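# Commentary on secondary and tertiary structure
Here's the letter readout for the chains.
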Amino acid sequence: MTLTLTRTHWVSIAAVVLALLFAGAATVASAGGDGHSGGHGGTAGAAAPAAGSADAGFARDMAVHHQQAVEMSFIVRDRTQDEEVRRLAYDIANTQANQRGMLLGWLDLWGLPKVDSGAEPMAWMAHGDGGHAGHGAQRPGTGAVMPGMATRAELDRLAKASGKQAEVLFLQLMTDHHKGGVVMAEGCADLCTVSQERALAQGMVDAQQSEMDLMADLLRKRGAAPRA
C-alpha cells in the first residue's frame, strides 16, 4: 500500500512538473509583450507590469523563496543516502531553479529590477481587497523573511544533521516552505495580471500540494509528522 501510494505521488508530481516546465518554456517570451492586460485575459501590445505591481512583487519574492528551497535540497542530498529523499530533493531543486529562472527572466523582459530595496517582502499581496495580506505568515519570532522560509539557524541544523535526522528535518522544513509557497502562488493566481505568470503560479500550487502529500507519507515512514 505504501509503495503504491509513493509511486502514485511520484507519477502525479512528474506529470505536473513536466507540463509546467513545457508551458513555461513556450511562454516566457510572450510574457514580455502580449501577456499583460488590466484584467485577467491578456491583451496584445499591452504595457509591461509596473514595478510595484503584484506581478513584479510575486516574481521577486518567489525567486527568493525558491532559492532557499534549492539550497535546502542540495544540503540534504549531501546529508543522506536515502534514495527517496534524494530523488525528491533533486526534483525540487531542478523544478524550482527552472521556475526561478523564468521569474527573473520575466523581470528582465519587463525592464524591472530583480531587487526592490524600497518594498517590503510580500507587500504585493495587499494589492487586492486585503484578503491575502497576512495569510501564511512566518512563525512569530523566527526572523524568517517570507511565509514558510527556514531561518539561518534551521539551515545550520540541517547542514549538521545526517541520516534519518536530516531526512526528517528536511521534510518538515520543506513542508513549511511549500505551505508558504502555496499561499504566495495562490495570491498571484488571484492578483497577477500576466496570464502566463498566473498559469505558472497555479502550476506551483498543484505541484507543491502534491509534494506535501508525498512528504507527509515519507515522514510517516520515519515515525514523524509535519510541524504544527
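Residues numbered from 1 in each chain as written. Predicted model: local features only at pLDDT ≥ 70, side-chain atom pairs only at ≥ 80, totals over all residues. Heavy atoms only, no water.

## Description of the nonpolar core
Burial of nonpolar side chains together is a common tendency in soluble globular proteins. To keep things clear, this is the line we draw: Buried Ala, Val, Leu, Ile, Met, Phe, Trp, Tyr and Cys residues form a nonpolar core when they are joined through side-chain atoms within 4.5 Å. Only protein chains enter the calculation, and the probe is 1.4 Å; a residue is then buried if its accessible area is under 20% of its type maximum, exposed if over 50%, and partly exposed in between. The secondary structure listing takes helices from DSSP runs of H or I that are at least 4 residues long and strands from runs of E that are at least 2 residues long, numbered from the N terminus.
If you look at the biggest cluster of nonpolar residues, it comprises 52 residues, and the most contacted ones within it are Phe58, Met72, Leu88, Leu103, Trp124 and Phe170. Among the secondary structure elements, those contributing two or more residues to this core are helix H2 (54-77), helix H3 (83-109), helix H4 (152-160), helix H5 (163-191) and helix H6 (195-221). In terms of residue count, the dominant contributor to this core is H5 (12 residues).

## Some words on the side chain of glutamine 208
Which entries qualify depends on this criterion: The term polar contact refers here to a pair of N or O atoms within 3.5 Å; inside protein, the definition further demands a hydrogen-donor-capable atom paired with an acceptor-capable atom, and it admits residues adjacent in sequence only when both atoms are side-chain atoms. Here a residue-residue contact requires only that any non-hydrogen atoms of the pair lie within 4.5 Å.
Positionally, glutamine 208 belongs in helix H6. The exposure class of glutamine 208 is buried, given its relative accessible area of 5%. In this structure the side chain of glutamine 208 is engaged in a polar contact, spanning 3.5 Å, whose partner is the side chain of histidine 178. Ignoring any residue separated from it by four or fewer positions in sequence, one finds glutamine 208 in contact with His66, Gln96, His178, Gly181 and Val182.

## A word on the packing of aromatic side chains
We count it as follows: Here a Phe, Tyr or Trp ring, Trp counted by its six-membered ring, pairs with any other such ring whose centre lies within 6.5 Å, and the pair is stacked when the planes are under 30 degrees apart, edge-to-face when over 60, and tilted otherwise.
All chains considered together, the criterion is met by two aromatic pairs. Aromatic side chains phenylalanine 58 and tryptophan 124 sit 5.6 Å apart centroid to centroid with 80° between the ring planes, which places their arrangement in the edge-to-face category. Taken together, the residues phenylalanine 58 in helix H2 and tryptophan 124 in the loop between H3 and H4 connect sequence positions 66 residues apart. What makes phenylalanine 58 buried here is its relative accessible area of 0%.

## Structural notes on the packing of H3 against H5
We apply this condition: To define axes, lines are fitted to C-alpha atoms, for helices over the stretch in contact only, and angles between the resulting N-to-C directions are given on a 0 to 180 degree scale. With the far helix as reference, a near helix turned anticlockwise by less than a right angle produces a left-handed crossing, and one turned clockwise produces a right-handed crossing. When residue character is reported, Ala, Val, Leu, Ile, Met, Phe, Trp, Tyr, Cys and Pro are called nonpolar, Asp, Glu, Lys and Arg charged, and the others, Gly included, polar.
Following both chains from N to C, one finds H3 and H5 inclined at 35°, their axes separated by 11 Å at the closest point. As H3 runs across H5, the sense of the crossing is left-handed. Residue-level inspection shows Val85, Leu88, Ala89, Ile92 and Gln96 of H3 in contact with H5, the latter providing Glu167, Phe170, Leu171, Met174 and His178. Grouping the constituent residues of the contact of H3 with H5 by class yields seven nonpolar, two polar and one charged.

## Description of the pattern of salt bridges
Selection criterion: Here a salt bridge means any side-chain nitrogen of Lys or Arg lying within 4 Å of a carboxyl oxygen belonging to Asp or Glu.
Counted under the stated rule, the structure contains 10 salt bridges. Of the charged contacts in the structure, one is a salt bridge between glutamate 84 and lysine 221, with a shortest N-O distance of 2.7 Å. Of this pair, glutamate 84 sits in helix H3 while lysine 221 sits in helix H6, placing them 137 residues apart in sequence. Looking at glutamate 84, the relative accessible area reads 17%, which means it is buried. Here glutamate 154 makes a salt bridge to arginine 227, at a shortest N to O gap of 3.2 Å. Note that glutamate 154 is positioned in helix H4 and arginine 227 in the segment after H6, a separation of 73 residues in sequence. Arginine 227 gets classed as partly exposed once you look at its relative accessible area, which sits at 22%. Each member of the salt-bridge network shares a partner with another, and the members are Glu71, Arg152 and Asp156.

## Some thoughts on H6
Rule in force here: Working rule for helices: expected span equals 1.5 Å times residues minus one.
Over its 27 residues, H6 extends 40 Å from the first C-alpha to the last, a length consistent with the 39 Å expected when each residue adds 1.5 Å. Among the 27 residues that make up H6, 19 are buried, leaving the element largely enclosed by the rest of the structure. Remark: glycine 223 follows H6 within two positions and exhibits a positive phi of approximately 70°.

Everything listed is a geometric property; what it means functionally is a separate question.
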